[in-house]
Structure formats: structure tokens, C-alpha cells
Amino acid sequence: MADTRGIRALTLRTLARDRGIAMSALQHDLGSRDRLVALMVQQIFRESTSQSRSQDGEDAPVDEEPVDALLRSADEEWQAYRAHPWLVEVMTTTRPPLVPAVLASVQAVIGTFMRVGLDSGEAFNRYLALSAYVQGMATLLTAERQESDRTGTSYRSWWLDQFRAMGRSGATTRHPWLTELSATRSQESFHADAAFYDGLPRIVHGLVTSD
């Protein structure tokens, strides 16, 4: 329900009505909507990690290089956001659901940073920087879906309209890079994956340095 309608549409009442379950039963089992969302987050983070391990055929090696470990962790989080767009909204806050699977994910990243010689405070700060990159890029996924639904216009059509308008205003003359960019943007749909995976290794390599 959250994947198709958005997290704001999900309440205990709508869930009870959708599933034909008594409201009193849901309240008894879950207690509150916040508890429901926390359980959803727990399930997704646990499944995201286990699926990544099963694809590799084994658990991450103990001696996995820090850069590789961080790239893998960031990719797991990115794939979770792609599969469940509402998860971005829930996690991009200073008070996310601190369920066991989330804490385990954070611990893995902080532990990796500590392996390169950082203390716990520095490791936590760099975890926040990496998480902000992943979550920030993920917000573009949800933003584009929302804009497409709101306007009924594809990214490609929007870009072509904007480029024509900028051409009439002289912006393309003042900013030649716009003309070069239009060659790809006019042919493609919005593709956050390409930007994410281009920037991710650069971010990770920068964060593992001790200076």
C-alpha cells in the first residue's frame, strides 16, 4: 500500500479497511501507526541485507576492504529506496526508526570507518555524510515520480520545453554547457542511477581518508 500510494496514505484505519481486518485487532497487534511503520522499516532493511548476501552466495568476508564494504552498504540502501520510495521520507529525518536492522546497518558502516583509524565520533560523522549522499540522491527518485504524477509530463518532454525556453532567453548562449547537455537529456528519461553510481565511489574514497 505504501509503495503504490505513498506513506502518508497508510494509516491503521485504511489498512483495516483495505484488508478487511477489525480496527480493534490492528490496534491490539500494532499499537500505533508509528509502530507499523517501524516494523515495515525493520523488514525492509533486514531483507535488503540478506538479499545482498544471498546474491553473493556468502556473508561479507571479515577482511573485506573498507571501500568495498562501504560501497556494498550504500548500494544496499540505494536499492531499498528504489524499491520502496516512501522509505526515503521515513529515513531522511534526525529521528528515524531505530529498529534493530537499522542499527545493525549503521554499526556496520561506523565499524568500517573505525577500521581505517577513525574514532567513534569521526566515524559517526562520516557515516552521516555517506548516508546524506545516498538519501539525497534517493530524494530525486521520489521527486521525479511525484512531478510526473502531478504534471502528467515526462522528464524528457519537460527538458525539451525548458531548453527551448532557455534558447529564446539567450541562456544557452551564456551557458554553452546547456547545449552539450541537451544532447543527452533530450534523449533520455530521468536516470538517477547513473548519477548515483558515478558519484558514489568518489564520495567513499574521499571519506575513508584519515585527513
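What you are looking at is a predicted structure, and each value in this text was computed from that prediction instead of being measured.

## Some words on the nonpolar core
Line of reasoning, step 1. Residues V41, W86 and L87 are the most contacted members of the largest nonpolar core, which totals 48 residues.
Line of reasoning, step 2. At the level of elements, helix 2 (12-19), helix 3 (23-30), helix 4 (33-56), helix 5 (66-83), helix 6 (86-91), helix 7 (100-115), helix 8 (120-151) and helix 12 (192-207) are the ones that each hand at least two residues to this core.
Line of reasoning, step 3. At eight residues, helix 8 tops the list of elements feeding residues into this core.

## What about the packing of aromatic side chains?
Line of reasoning, step 1. The final tally for this structure, using the stated rule, is seven aromatic pairs.
Line of reasoning, step 2. Ring geometry for W159 against F163: centres 6.5 Å apart, planes inclined by 25°, an arrangement best described as stacked. Of this pair, W159 and F163 both sit in helix 9 (residues 155-169), four residues apart, roughly one helical turn.
Line of reasoning, step 3. Residue class for W159 comes out buried when judged on its relative accessible area of 8%.
Line of reasoning, step 4. Ring centres of F196 and Y197 lie 4.9 Å apart, and the angle between their planes is 80°; on these two criteria the pair is classed as edge-to-face.
Line of reasoning, step 5. Among the aromatic residues, ring-to-ring pairing joins W78, Y133, F196 and Y197 into one connected group.

## A look at helix 8
For an α-helix, the turn length of 3.6 residues means that residues three or four places apart are oriented alike.
Line of reasoning, step 1. Taking 1.5 Å as the rise per residue, helix 8 with 32 residues should run 46 Å; its terminal C-alpha atoms sit 46 Å apart, in good agreement.
Line of reasoning, step 2. Positive backbone phi, at 70°, marks G152, one or two positions downstream of helix 8.

## Things to note about the packing of helix 5 against helix 8
Line of reasoning, step 1. Running from amino to carboxyl end, helix 5 crosses helix 8 at an angle of 25°, the nearest separation of the two axes being 10 Å. The orientation of helix 5 with respect to helix 8, classified from their angle, is roughly parallel. For helix 5 against helix 8, the interelement crossing comes out right-handed. Of helix 8, the residues touching helix 5 (which contributes L70, A74, E77, W78, Y81 and R82) are L130, S131, V134, Q135, M137, A138, L141 and R145.
Line of reasoning, step 2. Grouping the amino acids of the contact of helix 5 with helix 8 by side-chain chemistry returns nine nonpolar, two polar and three charged.

Conventions and cut-offs
- Residues numbered from 1 in each chain as written.
- Predicted model: local features only at pLDDT ≥ 70, side-chain atom pairs only at ≥ 80, totals over all residues.
- Heavy atoms only, no water.
- Core = buried A, V, L, I, M, F, W, Y, C linked by side-chain atoms within 4.5 Å.
- Buried < 20%, exposed > 50% of the residue type's maximum accessible area, 1.4 Å probe, protein only.
- Helix = DSSP H or I, 4+ residues; strand = E, 2+ residues; numbered from the N terminus.
- Phe/Tyr/Trp six-rings, centres within 6.5 Å; stacked < 30°, edge-to-face > 60°.
- Expected span 1.5 Å × (residues − 1).
- Axes fitted to C-alpha atoms, helices over the stretch in contact; angles between N-to-C directions.
- Parallel < 35°, antiparallel > 145°, perpendicular 65-115°, else oblique.
- Left-handed = near helix turned anticlockwise from the far one by under 90°.
- Contact = heavy atoms within 4.5 Å.
- Nonpolar A, V, L, I, M, F, W, Y, C, P; charged D, E, K, R; others polar.

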